[in-house]
Each structure stands twice: as structure tokens, then as C-alpha cells.
Amino acid sequence: MDANRFIVKLDVPIHSRAELFQYVSDTLMDAEQLDLAGLMAEREENGSVEIAEEIVLPHVESGVLDKSQVFIVRPEKKITWDEQIKQVRLVIMILLRKEETDDVKREISQFTRKLADEAFLEYLMETDQPEI
Amino acid sequence: MSSKQIREQKLLLFLSENPGYSTSEELASQLAISRKTVYRMIKDINEGSSEGDLILSEKGRGYALDYEKYIQSNKEVSRKTSDFTPAERRGRIMEELLLYSPKARNVSELYADYFISETVIFNDEQLIADSLKQYNLNLVRKSRTVSITGEEEDIRRAITDRIQRMNIVNVNDLKNNKDLNFNHYDVLYILDQIKTIEKKLDITIHYPYDINIFSHLYILISRIRKVGLKHITGRELETEFIEDKIQQNDQALYQAAESTIQNLSNYLTVELPKSEMIYLYQYLMSSRMGSSTTIATFSNTVTELTQLYLNEMSKRLNITIQSESIFLDLANHIKPMLNRLRHGIRVKNSLLDQIQMTYQSIYDQVVEVSDEVSETFSLPAINEDENGFLTLYFARIIETNQLPIRTIIMCTTGVGTSELLKVKIDKKFPELEIVDVIAYRDLREISRNYPGTELIVTTIRIEEDVPIKSLLVSAMFTEDDKNRLQNKIKEIYNGR
């Protein structure tokens, strides 16, 4: 298992969605910097990414990515996501490389399945342990 | 119940089974009444409710039931004795006359509690006479008295129908029910007798058969108390013939009937004739009994009849029924049903309205098959109560055997919201068989990769034409999403 598959960052001093994308792209991603905002925009036009109150799960599959990663970012203060989702306390971003292997896909879906568990979401919202 | 009450009941029933909002057009067409009548009925229901508005209305959406209040209000059905509707008044007068038949009753005494005019009384008598005709009974008016005359068996049958119309569901409710003008001691005595029968035979007699046996015995006691022993001529003749025919395995039932009638004889200090034993025995063998050992051997007629129902219904419902347990279950119902038909014993089905409304198409098909069955086996016509019971068996078969809907869940990546959704849907919707979770770009391959897929649940809008039903839901899978999915499932089941 790749140690950098899941990255958790707590109380990050970002104040907007744009800053969040910038932050992930500049400091967290293993690969080269990317226009994440542009990548995500199309996805969100077609359906909301809110998975629970104050939690969003933007996810995208793209050929421009060369590594699949999951970023769990909890901003210091709630940020506004878009017109509909005004308050976001937790962002879980999944970037999936095109033609990813089944093993990696399985690893990621095992994680997303856990998100159906309210207790797990609560843990992510409250914890001060940057581990999942 | 008056026809207005029945309509109100139906409206509430419909709303309770169709959660969410229904438009006035829908309600009007369901109940075959005008929209104006719908408005008026809803107004009446809401004004008549002590809980506040039972039916909520919202502009542009229609009407919905406030479920909690509805349940609350159903509990409080106790009512004042003074406000009987005309139909209820006639029912009670008829019951009294039946119980005293052939004794004549003084008209002013009979109507003393109701404070109504001679004209209304005259009108009542016409209507009572009319409804007695179906039992071959006559209403005889002589100066200031009125009486009912006819065969004892017909009189008892009329009283049975009358009592069963009260919709008693739990036999133990009879102990404290103040709406019924029953003799309390007799009620307790009969309940005790039924318990003794159950103990002796090591069985439980379930609703509605317990109520049925109760009414039978209660009527017997009431008749003897009020007018002395009346012989049932038709059954008396049959007695010896039937006694010879009691099968080996029914000895226990016959003995239970015998000792119960013996107990009643002592209780009433009247020697009861053998025909009463046979009558009770017929009631017992007409009841489905729950015991630890289900009967697995049936007469040829029962087997053939059960098989005919299963074959015809599976053809009509387009399902295959090939399970031993379904056969046994149905045969265990049909065996006593056959006895009921042969001995003219009717069991009231108090869920009939609800069954007809909820399982309308199954019910209609059962009626068709029943007609065929009575013709093939030269049986008396199978009445609507019986058809209602049978409907439930097939409704259950459908509900438990309904093939799951092959479903694909989709999101952008196939590992994000779709996986999350899968967990949520799996828990709540056993009707769906989730075949796989896929990414949006695999959409076009669905038909090839997952043949037979009937539904796509997706968290992103589908932009292209896909020949498969789909439903866009939010990843949060809100109540609204659940409702819409439920409707989609119904739509797919109906389309099959």
C-alpha cells in the first residue's frame, strides 16, 4: 500500500474553495501541479458533491493525473463551497488516475464505503489524529 | 358504516398507503368521485378530527396524511351511544329482533332509545325487511309489534354477519368492549371454552377463525337465553350421515366439539341436541389452526384445488411458483376453506377493503380463478371474503419472490460517491441487486457488460441517451432521494 495514497491535513489555514485546490495541488500532490479547479468544475455542474452536512466529496477521474490519491482536508474555519453548499468543514477529494489498477480502486472504494458510517464521518470531523 | 364514512375511510386508507402528496385529481379518480367531493370530504375529515388536521394540503402538491395524527385518531374510536347513524340504528334493531326471533317485540319499546318518528320507523322496517331477504327471513308487523320469522339456521347466519361486521380483530377485546351489547359473563365463559379447545388440541385458533367460533357459540347461548332451544332442521337431518363420515384424524376435533357442547349444556341447563355438536365440529374443521406440526397430507380435492390456484395464478401473474412450502401453506388454508364452503360457514374478512385497494389486480385475478375453481369442483360460489384471504397468499408470494432489480450505481469515478451510495442503498433497498459500481465513462458499456440491467442510480446527470431507466440522486441520499427511488422501484415492478 502506498503510504501517500491517503493524506490527512487538519486545521489548514485556507479560506476558500480556490485556496483549497491551490493548496492540494501545490503542497499535497505527489505529481506535478495541476488546475484542479478546472478539472472539478465539470463534475460539479452535473451533481452535488455534498455527502453529509458540511462534508463534500469532490472526485474526478482523469488522464492528466499520473497517480491516484485521496486528500482529506479540514480547514481551520468553515469555507464556502458553492452557491448551494455554504458551509464546509471537511473536504474529501478523490483523484483517480485513468486506467487505474483494480487493486488501487479497491483500496479507495473500501475507504469511500466507510464514509457511509456516520461515526466515521464524525471521527473525521472531530479528530486531532491525522490518521485514518 | 354509512357510504360517506366508507368513502372517508377509503380516502384515508389510500393516503396512508401512498406516502407523499397526492393530487385531488388522483384522489377523485381513485375513489370515483368528483374533485369537489374530495375537497368537501377532506374538509369534513379535518373538522371532525379532535387531533387537528389529519390531512395536510400544500399548494401545487396536493394532499398528504399526517401519519402520527392519523394513528392517534384511530385509537380513539370509542363513541357516544346516542349518536348512531341511521344504518347503525337499523343494524341494532335488526340484531335485537333476530336474537328474539320468532318472538314479537313491541315497537315503541324497541325504538324507545332512539327518539324517532313513526315515519322513520316505518322506513326503517322497509329497509330491514329488504336486508333480511338475503337470508330468506321475513319481518312480520302485527299492530304494535314486530318480529322476524324464518329458519333457525338462517337466523343465526344473519346474526353472525351482523356481529362480524363490527370488525373485532382481537378476541380478547370482547372482554372490555362497551360498544357491543354483549352479556359479559357469557363472553368470558365462551372465551374460556375456546381456550379449553385450544389446550385440548394443542393448537392455537387464529384470527379471524377465533372470532368466528366465538360468534357461533355466543349466538347459540343468546338464542337459548332469549327464546329457548330452537332446532336447526336442515342440520338435524344431516347429523347421522355426517357422524359416519368423521375421519379418523378428525376424531380429536369431534371430541373437542362434543365436550364443549356438553359444557354449554351444563352452563345453560338445557340439553343440546347432537346437531349442535356437528355444527360446532364443522366450525372447527373450517378454521385454520396453527399447531406445532403442520399437516402435510391432503385429500385429493384439496391437492388438486390448491394446484389449480397455483397454476392459474402463476400464469396470470407471470411468475413461477415452485415451492413446496408455498404449496403447503396454501393447502393448509384451502383445506378449511373447502369445509367452510361445504358447510356454509362464512368468515368475515375485516381487511377486505384494504386488500382490494392494495392488491387490486391480484384480487381481480383471484376472483377469476375462484370462479373457475367453483365450477370445476362444483362448489358453492367463493365469496369476496374468501377471495380476500386468498389474495393475501399470492400477494405474499409476489412480495417474497419478486426478482430483485438489477441495478448499477454510477458516479464520476466509480470509487467516490457511488461506493458510498452503494452502502446506503444496500441497507435500505433489498429489492435492488447492485450488480456493480461504475464510472461515468463506462456508461455506454452497461448493456454489453451487464446485460439485464434495469436501473442506473447515479450521482451525476446522464447527458446521453441510454435505453435503461435511471435515477439521479444526491450523494447524501436524502429522504427525498429514498422516496424517489421507492417510486422508481414501483414503476419498474409495474412495468414487468
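These notes cover the structure that comes with them. (Residues numbered from 1 in each chain as written. Chains lettered and ligands numbered in written order. Predicted model: local features only at pLDDT ≥ 70, side-chain atom pairs only at ≥ 80, totals over all residues. Heavy atoms only, no water.)

Overview of the side chain of E61 of chain A
Along the chain, the position of E61 of chain A falls in strand β4 (residues 59-62). A relative accessible area of 15% means that E61 of chain A is categorised as buried. A distance of 2.7 Å separates a polar atom in the side chain of E61 of chain A from a polar atom in the side chain of R441 of chain B. Residues in contact with E61 of chain A, not counting those within four places in the same chain, are L96, R97, K98 and E99 of chain A together with T412, T413, A439 and R441 of chain B. (Helix = DSSP H or I, 4+ residues; strand = E, 2+ residues; numbered from the N terminus. Buried < 20%, exposed > 50% of the residue type's maximum accessible area, 1.4 Å probe, protein only. Polar contact = N/O pair within 3.5 Å; in protein donor to acceptor, adjacent residues only side chain to side chain. Contact = heavy atoms within 4.5 Å.)

Here we look at the environment of L56 of chain B
Residues and elements named next belong to chain B. Considering the arrangement of structural elements, one finds L56 in strand β1 (residues 55-58). Here L56 falls in the partly exposed class, since its relative accessible area comes to 33%. Between the C-alpha atoms of L56 and Y21, which are 35 residues apart in sequence, the distance is 8.8 Å. Setting aside residues up to four positions removed in sequence, L56 forms contacts with Y21, G62, Y63, A64 and D66.

A closer look at the packing of aromatic side chains
Applying the stated rule across the entire model yields 11 aromatic pairs over all chains. An angle of 80° between the planes, with centres 6.1 Å apart, marks the rings of F111 of chain A and F120 of chain A as edge-to-face. In this pair, the class of F111 of chain A matches that of F120 of chain A, namely buried. Note on F298 of chain B and F327 of chain B: the rings are 6.4 Å apart at their centroids and 80° apart in plane angle, and the pair reads as edge-to-face. Pair noted here: F298 of chain B is in the loop between β7 (289-290) and α14 (300-317) and F327 of chain B is in helix α15 (residues 324-343), with a separation of 29 residues, a long-range link. Residues F298 of chain B and F327 of chain B agree in their burial class; the two are buried. An aromatic cluster is built from F6, F111, F120 and Y123 of chain A, whose rings are joined through pairwise contacts. Sitting over the ring of W81 of chain A, R17 of chain A keeps its end group 5.0 Å from the ring centre. (Phe/Tyr/Trp six-rings, centres within 6.5 Å; stacked < 30°, edge-to-face > 60°. Lys NZ or Arg CZ within 6 Å of the ring centre and 35° of its normal.)

Notes on the nonpolar core
All names here are of chain B. If you look at the biggest cluster of nonpolar residues, it comprises 61 residues, and the most contacted ones within it are L98, L137, I205, I213, F214, L264 and L284. No other element matches helix α10 (residues 209-227), which puts 10 residues into this core. If sequence neighbours within four positions are ignored, I205 has contacts with I194, I197, E198, D210, I213 and L284. (Core = buried A, V, L, I, M, F, W, Y, C linked by side-chain atoms within 4.5 Å.)

Describing the packing of helix α1 (residues 3-17) of chain B against helix α2 (residues 24-31) of chain B
Residues and elements named next belong to chain B. For the pair α1 and α2, the least separation of the axes is 11 Å and the interaxial angle reads 125°. The orientation of α1 relative to α2 falls into the category oblique. The element α1 and its partner α2 pack so that their crossing is right-handed. Facing R7, K10, L11, F14 and L15 of α1, the residues of α2 in contact are L27, Q30 and L31. Per-class residue counts for the contact of α1 with α2 are five nonpolar, one polar and two charged. (Axes fitted to C-alpha atoms, helices over the stretch in contact; angles between N-to-C directions. Parallel < 35°, antiparallel > 145°, perpendicular 65-115°, else oblique. Left-handed = near helix turned anticlockwise from the far one by under 90°. Nonpolar A, V, L, I, M, F, W, Y, C, P; charged D, E, K, R; others polar.)

Section: the interface of chain B and chain A
Residue-level contacts link 19 residues of chain B with 23 residues of chain A. The shortest N-O distance in the salt bridge between E61 of chain A and R441 of chain B comes to 2.7 Å. On inspection of chain B and its partner chain A, the count reaches six residue pairs in polar contact (both at pLDDT 80 or more). Top contributing element to the side of chain B that touches chain A by residue count: helix α19 (residues 417-428) of chain B, with five residues. Within the side of chain B that touches chain A, the residues separate by chemical class into nine nonpolar, five polar and five charged. (Salt bridge = Lys/Arg side-chain N within 4 Å of Asp/Glu carboxyl O.)

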